[in-house]
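Structural features, examined
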Amino acid sequence: MRATTQITAILILALLLTGCALPVQAAPATCAVEVGFSPEGSAQELVLRAVESANREIRLAGYSFTSPEVVRALVAAHRRGVDVRVVVDRRGNTGKANVAALNLLAGAGIPTRTISAYAIHHDKFIVADRKTVETGSFNYTRAAAQRNSENALLVSACPSLAKQYLEHWESRWGQGVDWKMTY
């Protein structure tokens, strides 16, 4: 499912539905928004599109990370000259599939860190080229793509939103520890 609209309308709707009165910075009317769901496949499609669209920089923050498709896309981006960096939750990435995915990233030369400063580093977002944000409930795992009910939101051409996510990512990166390959 694809939808294009102003991000401001989505933020206002979210505030109305949750009853929150948080300060919101209005985004320019040029922001394009698309939504995807899993297990229908459109959530992972948006995640991969965010990675594949990057020309200069990708910053990924995640909780659990095992997706071979996302690993392949990140490595391909790195090989085409994109500066890719990944920070994920430490405790949420101790399984064999998690370790294998992180080892593949690090082995490809992608700076990768884990963070344990919080009970759970539950962030799930990508910032591409400082203007595109992918976010939502979608963990970067095969289960999120194939078995779970998940959502992803891709907000393109929105540097003001990307700047806020990038600042958050940088704070988490600074608290992380470099991933050490285990093989």
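Reading the values: the criteria
- Residues numbered from 1 in each chain as written.
- Predicted model: local features only at pLDDT ≥ 70, side-chain atom pairs only at ≥ 80, totals over all residues.
- Heavy atoms only, no water.
- Helix = DSSP H or I, 4+ residues; strand = E, 2+ residues; numbered from the N terminus.
- Polar contact = N/O pair within 3.5 Å; in protein donor to acceptor, adjacent residues only side chain to side chain.
- Contact = heavy atoms within 4.5 Å.
- Phe/Tyr/Trp six-rings, centres within 6.5 Å; stacked < 30°, edge-to-face > 60°.
- Buried < 20%, exposed > 50% of the residue type's maximum accessible area, 1.4 Å probe, protein only.
- Core = buried A, V, L, I, M, F, W, Y, C linked by side-chain atoms within 4.5 Å.
- Salt bridge = Lys/Arg side-chain N within 4 Å of Asp/Glu carboxyl O.

As a further point, take the side chain of Glu57. Mapped onto the fold, Glu57 is located in strand E2 (residues 57-62). One polar contact links Glu57 to Arg130, side chain to side chain, over a distance of 3.1 Å. Setting aside residues up to four positions removed in sequence, Glu57 forms contacts with Val82, Asp83, Val127, Ala128, Asp129, Arg130 and Leu166.

Let us look at the side chain of Ser64. Tracing the sequence through the fold places Ser64 in the loop between E2 and helix H3 (68-79). Reaching out from Ser64, the side chain makes a polar contact with the side chain of Asn98 at a distance of 3.2 Å. Not counting residues within four places of it along the chain, the set of residues in contact with Ser64 comprises Gly92, Asn93, Asn98, Asn139, Tyr140 and Thr141.

Once that is clear, we can look at the packing of aromatic side chains. One pass over the full model with this rule turns up four aromatic pairs. An angle of 65 degrees between the planes, with centres 6.3 Å apart, marks the rings of Phe138 and Tyr140 as edge-to-face. For Phe138, a relative accessible area of 1% corresponds to the buried category. Clustering of aromatic rings is evident, with ring pairs tying together Phe65, Phe138 and Tyr140.

One finds Ile58, Leu60, Phe65, Leu74 and Leu105 to be the most contacted residues of the largest nonpolar core, which totals 31 residues. Of all the secondary structure elements, the ones that give two or more residues to this core are helix H2 (42-53), E2, H3, strand E3 (83-89), helix H4 (96-107), strand E5 (125-128) and helix H5 (142-146). When residues in this core are grouped by element, the largest group, six residues, is from H3. Non-local contacts of Leu105, meaning those with residues more than four positions away in its chain, are made with Phe65, Val71, Leu74, Val75, Val86, Ile110 and Thr112. Counting 15 residues, the second largest nonpolar core, distinct from the first, contains Cys31, Val33, Cys158 and Leu161.

With that out of the way, let us pick up the pattern of salt bridges. Side chains that differ in charge, positive against negative, can pair when their charged atoms come close. For the structure on display, the rule yields nine salt bridges. One salt bridge connects Asp83 with Arg85, and the closest N-O pair in it is separated by 3.4 Å. The partly exposed category is assigned to Arg85, whose relative accessible area is 27%. Between Glu167 and Lys163 there is a salt bridge; the shortest N-O distance is 3.0 Å. With a gap of four residues between them, Glu167 and Lys163 both fall in helix H6 (residues 159-175), about one helical turn apart. A network of salt bridges, in which partner residues are shared, links Glu57, Arg59, Asp83, Arg85 and Arg130.

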